[in-house]
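Summary of the model geometry
Residue-level listing of the chains:
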Amino acid sequence: MTTPRRRLHIQSWGCQMNVYDSHRMADLLRPLGYEPCETPAGADMVILNTCHIREKATEKLFSELGRLRALKAETPGMVLAVAGCVAQAEAAEVAARAPYVDMVFGPQSYHRLPEMVARLSRAAGRVIVTEFETDEKFDALNGASAPQGVTAFLTVQEGCDKFCAFCVVPYTRGAERSRPALHVLAEARRLAAQGAREVTLLGQNVNAWHGEGPDGRAWGLGRLLRALAEIPGLARLRYTTSHPRDMDADLIAAHRDVPQVMPFLHLPIQSGSDRVLLAMNRGHTADDFLRTVDALRAARPDIALSSDFIAGHPGEREADHAATLALIGRVGFAQAFSFKYSPRPGTPAAALTAHVPEAEKDRRLQEIQALLRAQQAAFNARMAGETVEVLFTGPGRHPGQLSGRTPWLQPVHCDGPPSLAGHVRPVRIVAGHPNSLSAHLVPEPEAAAA
Ligand code: 5AD
Ligand code: SF4
């Protein structure tokens, strides 16, 4: 019997891990005959893979569901599913407000998709699954996966036990769990065989990863990176997102010792004020962070840093905000993300009373962003005239152009033939723009001599 062909549309919101999860949902549904399609029109199944980290997530979901409801009415048999962190946090509300949704499942239960689909086809009604089953899920992820291309993502760790006062992640993604080293290594080998040249390890607290290595010893992320660096074909390794408290000496040393580990690190600090860091329950001071930055720079002098900042956390005063600006000035970031504090239901910070007025949060955010933008522009501008190695990922915006990334994650636009995709080549940077670099290929003989 042949499996009927069905069309699957997945919309992914939020972080890279959601993008990875969406790919894996497609992998799990492929044996049932589902092939990914670009638009929801005419799809047999639509999955909204949602994000709950900041404001308006729930409203965004319901407005999208309103649109899809009309489409579902015109499409007999269409299955509508809500997945991800909003599904985990608000399953009951989704079920009550959108009774036409067929499946609601959280990030730790999507490995049961084939079973959920079977349950749906056996009985009309709805399937809701929000248990935390990370270990079973990790096991289910060991099957075949569709190629991701030159740059690939690989989940090695999920969940978080840190309970920062503002954050929903410990509630939506559950407790911290690491994927076994052997499984990670096997998936990385598979990705390399499928053409990946760069692998980014993913985890909400990726540098808390730990496990038993194939040698029977306790491994941390630094050791795992050293093992991954031995896989032929993998030219570049990255990992995100890290917590300052888990930046141990061996991981810092891996930046010094392993050429495949790229000189770029996303290390969120959230605030430069010890008062606010304490209120946030971050478990470190601004000074601890600065010492880690110094150690990273001593290990790898060209390392570039990125971070996350929250403007207007409850209780944040003007002096705290000034401390954040001072810390940004002291470190110098190559890029960074900054957000206005947004109260998340059920988190301790949302229950605090000293909320910062909206206009004040706006102003502080703008000041933080202006400084970060200037630092990013200066970092890119400094590259002009330099020769750097670029991993070409595919065609660029214009004909005859290629896109790629520097070791410091800057997007590069460069003239060159499409056959260079998947290769690392030296380029000369012609100009550094606020968000990207333009470059020329270094001619072959010169490249060979370099
Ligand atoms: N409000 C604003 N920003 C938040 N983040 C997480 N929770 C909140 C919140 N409630 C930001 C943090 C985190 C990033 C992924 O999102 O900076 O590092
Ligand atoms: Fe959220 Fe803090 Fe955990 Fe990061 S470390 S996921 S900010 S609770």
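Source: prediction; values computed, not measured. (Residues numbered from 1 in each chain as written. Chains lettered and ligands numbered in written order. Predicted model: local features only at pLDDT ≥ 70, side-chain atom pairs only at ≥ 80, totals over all residues. Heavy atoms only, no water.)

**Here we look at the site of ligand 2**
Close to ligand 2 lie Cys-160, Lys-162, Phe-163, Cys-164, Phe-166, Cys-167, Val-169, Pro-170, Asn-205, His-243 and Arg-282. Each residue belonging to the shell around ligand 2 can be placed in one class, and the counts come to seven nonpolar, two polar and two charged. (Near = heavy atom within 4 Å. Nonpolar A, V, L, I, M, F, W, Y, C, P; charged D, E, K, R; others polar.)

**Looking at the pairing of strand 13 (residues 236-240)**
The element strand 13 is extensively covered by neighbouring structure, given that four of its five residues are classed as buried. Of the pairings in the sheet, the one linking strand 10 (residues 198-202) to strand 13 comprises five bridges and is parallel in character. Within strand 13, the residue paired with Glu-198 across the bridge is Arg-236. (Buried < 20%, exposed > 50% of the residue type's maximum accessible area, 1.4 Å probe, protein only. Helix = DSSP H or I, 4+ residues; strand = E, 2+ residues; numbered from the N terminus. Pairing = 2+ DSSP bridges.)

**A closer look at the layout of surface pockets**
Counted as a void, the second largest pocket has a volume near 310 Å³. Forming the walls of the second largest pocket are 16 residues, and the residues nearest its centre are Ile-10, Ser-22, His-23, Ala-26 and Pro-36. Looking at the lining of the second largest pocket, the elements with two or more residues in it are strand 1 (6-12) and helix 1 (16-29). Here the lining of the second largest pocket gets five residues from one element, more than from any other, and that element is helix 1. Tallied by class, the residues present in the lining of the second largest pocket amount to eight nonpolar, five polar and three charged. (1 Å grid on protein atoms, 1.4 Å probe; cavity = no way out; pocket = protein on both sides within 12 Å on 5 of 7 lines; lining within 4 Å. Points joined across faces, edges and corners; volume = space filled by probe spheres on them.)

**Some thoughts on empty space enclosed by the protein**
By rolling a water-sized probe across the atoms, one finds the places where empty space is left. Applying the stated criterion across every chain, the model contains one cavity of 30 Å³ or more. Considered as a void within the structure, the largest cavity measures approximately 30 Å³ in volume. Lining the largest cavity, in full, are Leu-237, Arg-238, Tyr-239, His-255, Val-261, Met-262, Phe-264 and Leu-265. Among the secondary structure elements, those contributing two or more residues to the lining of the largest cavity are strand 13 and strand 14 (264-266).

**Some remarks on the site of ligand 1**
Near ligand 1 you find Ile-53, Arg-54, Phe-166, Gln-270, Asp-308, Ile-310, Phe-339, Lys-340, Tyr-341, Ser-342 and Arg-344, and these make up its full shell. Within the backbone of Phe-166, a nitrogen or oxygen atom sits 3.0 Å from a nitrogen atom of ligand 1. Alone, ligand 1 offers 400 Å² of accessible surface; in the complex the protein occludes 87% of this. Looking at the shell around ligand 1, the elements that each hand over two or more residues are strand 16 (308-311) and strand 17 (337-340). (Polar contact = N/O pair within 3.5 Å; in protein donor to acceptor, adjacent residues only side chain to side chain. Areas by Shrake-Rupley, 256 points an atom, 1.4 Å probe, with all protein chains shown as cover.)

**Points about the sheet that holds strand 6 (residues 127-129)**
Reading across from one edge, 2-1-3-4-5-6 is the order of the six strands in this open sheet, with parallel pairing throughout. The open sheet terminates on both sides in strands that have one partner only, identified here as strand 2 (34-36) and strand 6. Taken pair by pair, the neighbouring strands of this sheet meet at an average axis angle of 20°, ignoring direction. Two strands pair when backbone bridges link them, and strand 1 and strand 2 are joined in this way by three bridges, in the parallel orientation. Looking across to strand 2, one finds that Arg-6 is bridged to Tyr-34. (Axes fitted to C-alpha atoms, helices over the stretch in contact; angles between N-to-C directions.)

**A few points about unusual backbone geometry**
Cis peptide bonds are those with omega within 30 degrees of zero, and the linkage from Thr-240 to Thr-241 qualifies with 5°. With respect to the helices, strands and loops of the structure, Thr-241 is situated in the loop between strand 13 and helix 10 (249-257). Positive phi is not limited to glycine here, since Phe-163 has a value of about 50°. Along the chain, Phe-163 falls in the loop between strand 8 (157-158) and helix 7 (169-172). Under the relative-accessibility criterion, Phe-163 is labelled partly exposed at 36%. One non-glycine residue with positive phi stands out, namely Gln-270, at about 80°.

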